[in-house]
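Below, each chain spelled out in residue letters.
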Amino acid sequence: SPIPDYLNVVLDKVRPIEDGQPAQYIKTLREADTSKLAVALVMVDGNVYSAGDDKVEFSIQSISKAFVYAIAIEDAGLQHVLERIGVEPSGDAFNKLSLHKGSNRPMNPMINAGAITAHSLVCHPNALAEERTDRILQIMSRLAGRQLHVDEEVYEAEMQDADRNMGIGYMLKAAGIISCRPAEVVKGYIRQCSINVNVRDLAMMAATLSNAGINPVTGETIMPTDSVRQVLSVMTTCGMYDAAGQWVSQVGIPAKSGVAGGVMGALPGQVGIAAFSPKLSENGNSVRAVAIFEQLSRDMGFHMMDVS
Ligand code: GLN
């Protein structure tokens, strides 16, 4: 197949880009090797292609929000979830302490307020952090097709720097959006963000979304199709933070980024894509990963509005 060679050409093209800087708020991310660069594609027929540092693991961070939203829908029901978390892009920073003025709900599940709420809806209302994160880790492992693990160093560091997310948790409790102990929910949310993946894992997880909830390699059905549709919809409108509009027009693939430098994209019926490099732009998206997606979208006609 010419695809691996092509992927190496794409990586060579974006490697000279030195804009941005890695996330600064914890040591592990601040000191990440910024030369790391990787891409992976998983087609819905199960073919896997990757190039670059495709074995290097990084914390999934906010990309987990997409999957935990799906698990919340499964555990609490879509109606219950929609009553607590909106589906409107916020245009604000991901970690803003904000609720929608009219409905008092977090704007969407891709900002921290919405993601922490989604985490609280996993399992049952009184679940402890461990029970929720065990379930999340188990489902994410099935999506990736191999057992994933929490990066304890990232988890500990995030817990040392959790004031803002704790603040969001208490705000949600005060507003009546979450009913359990805020500190326990935020602890679980931080643990879900600390799960390690490489680009091949992420592309496989994305391909499962592209393939109507069925892992294209293991053949296992992991999510119902209506949850998949809901997740891909909010990824399209809210997945790339305040760059979502520009992303949809230039790349045109439902996607989610994380602060460790990963970006995952899922094109329904076709392909799951992941790219990784640690340096982020102002809006928190990996600069090189965005450039990779722009290139792939152009070259391979991946824009969802293109008629093939
Ligand atoms: N753990 C980070 C946070 O909640 C994840 C954020 C992100 O990837 N944007 O602040």
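Relevant structure appears above.
Residues numbered from 1 in each chain as written. Predicted model: local features only at pLDDT ≥ 70, side-chain atom pairs only at ≥ 80, totals over all residues. Heavy atoms only, no water.

## Some remarks on the site of the ligand
Then, in step 1: The ligand sits among Tyr25, Gln61, Ser62, Phe94, Asn112, Glu158, Asn165, Tyr189, Cys193, Tyr241, Gly258 and Val259.
Then, in step 2: A distance of 3.0 Å is found between an oxygen atom of the ligand and a side-chain nitrogen or oxygen belonging to Asn112.
Then, in step 3: In the environment of the ligand, an oxygen atom lies 2.7 Å from a nitrogen or oxygen atom belonging to the side chain of Tyr189.
Then, in step 4: In isolation the ligand exposes 300 Å². Once the protein is present, 95% of that is buried.
Then, in step 5: Its residues assigned to classes, the shell around the ligand shows six nonpolar, five polar and one charged. (Near = heavy atom within 4 Å. Polar contact = N/O pair within 3.5 Å; in protein donor to acceptor, adjacent residues only side chain to side chain. Areas by Shrake-Rupley, 256 points an atom, 1.4 Å probe, with all protein chains shown as cover. Nonpolar A, V, L, I, M, F, W, Y, C, P; charged D, E, K, R; others polar.)

## Focus: the pairing of strand 6 (residues 262-267)
Then, in step 1: Judged by how many residues are buried, strand 6 sits mostly within the fold: six of six residues are covered.
Then, in step 2: Side chains Gly262, Met264 and Ala266 project from strand 6 onto one buried face, and the interleaved Val263, Gly265 and Leu267 project onto a second face that is buried too.
Then, in step 3: When strand 5 (residues 255-257) meets strand 6, the two strands line up antiparallel, connected through three bridges. What sits directly across from Ser257, in strand 6, is Val263.
Then, in step 4: Hairpin connection from strand 5 to strand 6: four residues lie between these consecutive antiparallel strands, with Gly261 at a positive phi of about 110°.
Then, in step 5: The pairing of strand 6 with strand 7 (residues 271-276) spans six bridges and is antiparallel. Looking at strand 7, one finds that Leu267 is bridged to Val271. (Buried < 20%, exposed > 50% of the residue type's maximum accessible area, 1.4 Å probe, protein only. Helix = DSSP H or I, 4+ residues; strand = E, 2+ residues; numbered from the N terminus. Pairing = 2+ DSSP bridges.)

## Quick look at the nonpolar core
Then, in step 1: Ranked by internal contacts, the top residues of the largest apolar core, which has 78 residues, are Phe67, Met140, Leu202, Met205, Leu209, Met235 and Met264.
Then, in step 2: Counting residues domain by domain, this core receives three or more from each of domain 1 (3-61 + 196-300) and domain 2 (62-193).
Then, in step 3: Among residues more than four places away in sequence, those in contact with Phe67 are Met140, Leu143, Met205, Leu209, Met223 and Met264. (Core = buried A, V, L, I, M, F, W, Y, C linked by side-chain atoms within 4.5 Å. Domains from an automatic or database assignment. Contact = heavy atoms within 4.5 Å.)

## Some remarks on the packing of aromatic side chains
Then, in step 1: This structure, assessed with the given rule, holds two aromatic pairs.
Then, in step 2: Judged by centre distance (4.1 Å) and plane angle (0°), the rings of Phe58 and Phe276 are stacked. Note that Phe58 is positioned in strand 3 (residues 58-59) and Phe276 in strand 7, a separation of 218 residues in sequence.
Then, in step 3: By relative accessible area, which is 5% here, Phe58 ends up buried.
Then, in step 4: The class for Phe276 is buried, based on a relative accessible area of 5%.
Then, in step 5: With 5.3 Å between their ring centres and 55° between their planes, Trp247 and Phe293 make a pair best called tilted. Taken together, the positions of Trp247 in helix 12 (residues 244-250) and Phe293 in helix 13 (residues 287-300) put the pair 46 residues apart, joining distant regions of the chain. For the pair shown, Trp247 and Phe293 are each scored as buried.
Then, in step 6: In this structure, Arg191 is placed above the aromatic ring of Tyr155, and the distance from its NZ or CZ to the ring centre is 4.7 Å. (Phe/Tyr/Trp six-rings, centres within 6.5 Å; stacked < 30°, edge-to-face > 60°. Lys NZ or Arg CZ within 6 Å of the ring centre and 35° of its normal.)

## Describing the packing of helix 1 (residues 3-14) against helix 13
Then, in step 1: Between helix 1 and helix 13, the shortest axis-to-axis distance is 10 Å and the interhelical angle comes to 135°. Accordingly, the angle class assigned to the pair helix 1 and helix 13 is oblique. Relative to helix 13, the crossing made by helix 1 is right-handed. In contact with Tyr6, Leu7, Val10, Leu11, Lys13 and Val14 of helix 1, helix 13 contributes Arg288, Ala291, Ile292, Gln295, Leu296, Asp299 and Met300. (Axes fitted to C-alpha atoms, helices over the stretch in contact; angles between N-to-C directions. Parallel < 35°, antiparallel > 145°, perpendicular 65-115°, else oblique. Left-handed = near helix turned anticlockwise from the far one by under 90°.)

## Structural notes on the packing of helix 5 (residues 112-120) against helix 9 (residues 182-193)
Then, in step 1: Where helix 5 meets helix 9, the axes come as close as 9 Å, and the angle between the chain directions of the two elements is 105°. In terms of orientation, helix 5 lies roughly perpendicular with respect to helix 9. In contact with Asn112, Ala115, Ile116, His119 and Ser120 of helix 5, helix 9 contributes Val185, Val186, Gly188, Tyr189 and Gln192.
Then, in step 2: In the contact of helix 5 with helix 9, the residues fall into five nonpolar, five polar and no charged.

## What about the sheet that holds strand 5?
Then, in step 1: Ordered in space as 2-1-7-6-5, the five strands form an open sheet in which the pairing is antiparallel. Each end of this open sheet is capped by a strand with a single partner; those strands are strand 2 (48-52) and strand 5. For this sheet, the mean angle separating the axes of adjacent strands, direction not counted, is 10°.
Then, in step 2: In this structure, strand 1 (residues 38-43) lies alongside strand 2, joined through five bridges in antiparallel fashion. Of the residues in strand 2, the one forming a bridge with Leu41 is Tyr49.
Then, in step 3: Of the strands in this sheet, strand 1 and strand 2 are in contact with helix 1, which crosses strand 2 at around 35°.

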